[in-house]
Amino acid sequence: MDYLQIKRVNSLNGNIKISGAKNASLPLIAMTILANNSVHIKNLPHVADINTLLKLLSNLGAQCDFHDDRVVVDTSTLTQTKATYDIVKTMRASILVLGPILARFGHCEVSLPGGCAIGQRPVDLHLKALEQMGAKINIEAGYIQATAPDGLKGCDINFDKITVTGTANIVMAAALASGSTTLSNAAREPEVVQLCEILNASGVKIDGIGTAVLTIHGTNGKLIDIEEFSVIPDRIEAGTYLCAGAISRCELTLTNVEPKHLGAVLAKLEEMGSTFTTTKESITIHPSEVIKPVKIVTQEYPAFPTDMQAQFLALATQANGTSIIEERLFENRFMHVSELQRMGADISLNGNVATINGGTQLSGTDVMATDLRASSALVLAGLVANGTTDVHRIYHLDRGYDALEKKLEAVGANVKRLKE
Ligand code: EPU
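Chains are numbered independently. Their residues run from 1 in the order of the written sequence. Reporting in this predicted model follows two pLDDT cut-offs: at least 70 for local features of residues, and 80 or more for side-chain atom pairs to be given and counted; totals over whole chains, interfaces and linings ignore these cut-offs and use all residues. As a rule here, side-chain values cover all heavy atoms of the structure and leave hydrogens and water aside.

Novice: Looking at this structure, I do not really get the pattern of salt bridges. What am I missing?
Specialist: A side chain of one charge can pair with a side chain of the opposite charge when the charged atoms of the two come close. We define a salt bridge as a contact between a side-chain nitrogen of Lys or Arg and a carboxyl oxygen of Asp or Glu at a distance within 4 Å. Applying the stated criterion to the full structure yields 17 salt bridges. Of the charged contacts in the structure, one is a salt bridge between glutamate 191 and arginine 235, with a shortest N-O distance of 2.8 Å. Taken as a pair, glutamate 191 in helix α7 (residues 190-201) and arginine 235 in helix α8 (residues 235-248) lie far apart in primary sequence, 44 residues in all. Accessibility assignment for this pair places glutamate 191 and arginine 235 in one class, buried. Note that arginine 328 and glutamate 326 form a salt bridge whose closest N and O atoms lie 2.8 Å from each other. Overall, arginine 328 belongs to the partly exposed group, its relative accessible area being 47%. Runs of E in the DSSP output that reach at least two residues are strands. Runs of H or I that reach at least four are helices, and both are numbered from the N terminus. Using a 1.4 Å probe on the protein chains alone, a residue whose accessible area is under 20% of its type maximum counts as buried, one over 50% counts as exposed, and one in between counts as partly exposed.

Set out below in structure tokens:
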């Protein structure tokens, strides 16, 4: 197993190119199941989760040709409709094939994802919405068995809770349904917006893109032609490197980034003392020497993202005062706290609220990554910790950060990938 070894350096400086967004790429790859043609996708990140989804599609019979940052996916040869446990257990987002496969073939089986490190993460809302569209759902031997022999039918759906992959799944199912589906309380994340925009440009008319009420006008089973497109930049990767600049008090410039998608993150960094120079596609962070404490509540987009909570928690350990971070999306997303405490951080946890007394000098030690974003928080802490920080179990990190150690090394960090 690989681990990352991080040694503190005096300063970082330079440019980091942000990769395509993992959480946009996943639904967009699943969307190819709805296509009549071979789909060319550009600006994909090189992360394990993308390989996992492409492997899932290949197992189902699709042809996937992934080179550099581009993939060509041909699903005309896709004949299997069962996403098996061995793949789904490694990536919950495999559930994204349920909507499009069911819409295209009238049946689909997907292993139930089960719990995960950050919370239970049920998929009940995906299933309830598909049932409203006429699907029969049966759970048997750990599998979701869905059938819709007469096709899915448009209807009005109201999500009890906002769900990102749930929205993507239902939008894709509705794309081939008969009639129109109106989805209320839909997710508004940029990754969902891109999926809707591409479907809309491919002949599936969608009203309300970017709002909480989407109306998808289905094609009544007709597959669609999807033109080549480029995945939006990864706002969470960008936010993580902004935190790297802020925590090490070094100016960094991010390129291939979409500042518009980072509103809540930039606002919190500003509250903590940083300033920014932005262009349409770049952000330079000018960090302050004194990091101010902050109050953060994680919520759905456009509010502050749960996927940035761990990184800001690491940053708050260096603030000049007490920060409060409340996690509202996932019930168990504070696993990084005990690892940061082992590095000397002064953090107390009360349910879903962390209180961080900043200003402690962290010291490097062996720490364990517990989930994707927790991993990057430990890397950030390692950048300013005395001595050496060894971050183990970085397979979590590799699921979602493209060449993290290379990008950090290029701006002067001392980060090495080593073998246990
Ligand atoms: N929820 C339900 N029932 C459902 C679906 C969701 O109760 O049927 C609950 C979840 O348990 C959670 C909340 O609703 O409490 C929001 O979950 P959501 O479905 O939005 O999460 P997700 O779609 O599974 C995506 C990202 C996550 C990100 C969340 C929240 C992808 C592939 N994953 O997950 O990203 O944290 O939205 O923004 O897009 C990551 O990249 O590290 C990551 C975990």
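Still to come is the rest of the account.
Novice: Please explain the site of the ligand as it appears in this structure.
Specialist: Around the ligand, 22 residues are found, and the nearest of them are Asp124, Thr163, Thr165, Asp307 and Leu329. Residue threonine 163 places a side-chain N or O atom 2.7 Å away from an oxygen atom belonging to the ligand. Backbone polar atom of leucine 329 to an oxygen atom of the ligand: 2.5 Å apart, as the coordinates give it. Notes on the ligand: free accessible area 820 Å², of which the protein chains cover 90%. Residue assignment for the shell around the ligand shows that the elements contributing at least two residues are α1 (22-31), α5 (124-132), α6 (164-175) and α12 (372-384). Residues are grouped as follows: nonpolar covers Ala, Val, Leu, Ile, Met, Phe, Trp, Tyr, Cys and Pro; charged covers Asp, Glu, Lys and Arg; every other residue, Gly included, is treated as polar. Residue composition of the shell around the ligand, by class: ten nonpolar, five polar and seven charged. Near residues are defined by distance, with any heavy atom within 4 Å of the molecule or strand qualifying the residue. Under the rule applied, a polar contact is a pair of N or O atoms within 3.5 Å (in protein, one hydrogen donor and one hydrogen acceptor; residues adjacent in sequence only if both atoms are side-chain atoms). Methods summary: accessible areas were calculated by the Shrake-Rupley approach with a probe of 1.4 Å, and residue burial reflects only the protein chains presented.

Novice: So what exactly am I meant to see when it comes to unusual backbone geometry here?
Specialist: Negative phi characterises most residues that are not glycine, and trans characterises most peptide bonds. Residue proline 302 is reached from tyrosine 301 by a cis peptide bond, and omega for that bond is 10°. Structurally, proline 302 can be placed in the loop between β18 (295-297) and α10 (309-316). Its identity is not glycine, yet asparagine 43 carries a phi of approximately 65°, on the positive side. Mapping asparagine 43 onto the fold places it in the loop between β3 (39-42) and α2 (48-59). Under the relative-accessibility criterion, asparagine 43 is labelled buried at 11%. One non-glycine residue, arginine 249, adopts positive backbone phi at about 55°. Summarising the element assignment, arginine 249 is placed in the loop between α8 and β15 (252-255).

Novice: Help me understand the packing of α1 against α2, please; the structure alone is not making it clear to me.
Specialist: Angle between the axes and distance between the axes: these two values describe a pair of packed helices. For helices, the fitted axis covers only the stretch in contact; all axes are lines through C-alpha atoms, and the angles between them, taken along N-to-C directions, range from 0 to 180 degrees. Where α1 meets α2, the closest approach of the two axes is 10 Å, and the angle between their N-to-C directions is 10°. Overall, the two elements α1 and α2 adopt an arrangement that is roughly parallel. Contacts between α1 and α2 involve Lys22, Ser25, Leu26, Ile29 and Ala30 from the former and Asp49, Ile50, Leu53, Leu54 and Leu57 from the latter. In what follows, roughly perpendicular refers to angles from 65 to 115 degrees, roughly parallel to angles under 35, roughly antiparallel to angles over 145, and oblique to any angle outside these ranges. We call two residues in contact whenever any of their non-hydrogen atoms come within 4.5 Å of each other.

Novice: Please explain the sheet that holds strand β9 (residues 143-147) as it appears in this structure.
Specialist: By definition, the strands of a sheet pair up through backbone hydrogen bonds, in either a parallel or an antiparallel sense. Two strands form a pair only when DSSP identifies at least two bridges running between them. In space, the four strands of this open sheet follow the order β6-β7-β9-β8, with mixed pairing throughout. In this open sheet, the two strands that pair with only one neighbour each are β6 (82-83) and β8 (136-140). Both strand β7 (residues 107-111) and β9 contribute to a ladder of five bridges, which runs antiparallel. Note on β9: the bridge partner recorded for serine 111 is tyrosine 143. Most of the contacts of helix α4 (residues 98-105) go to β7, to which it runs at about 155°, and overall it touches β7 and β9.

Novice: Hey, could you run me through the layout of surface pockets in this one?
Specialist: Picture a little ball the size of a water molecule; that probe, rolled over the atoms, points out where space is still empty. Two kinds of site are reported from a 1 Å grid over the protein atoms alone, namely cavities, where a 1.4 Å probe fits but cannot get out, and pockets, open sets with protein on both sides within 12 Å along at least five of seven lines, and residues are called lining when an atom falls within 4 Å of a point. Grid points are joined across faces, edges and corners, and a volume is the space filled by probe spheres set on the points. Within this model, the second largest pocket holds a volume of roughly 260 Å³. Taken together, 15 residues line the second largest pocket, and the ones lying closest to its centre are Glu197, Ile232, Pro233, Glu258 and His261. Ranked by residues supplied to the lining of the second largest pocket, first place goes to α7 with four residues. Among the residues making up the lining of the second largest pocket, the classes are represented as six nonpolar, five polar and four charged.

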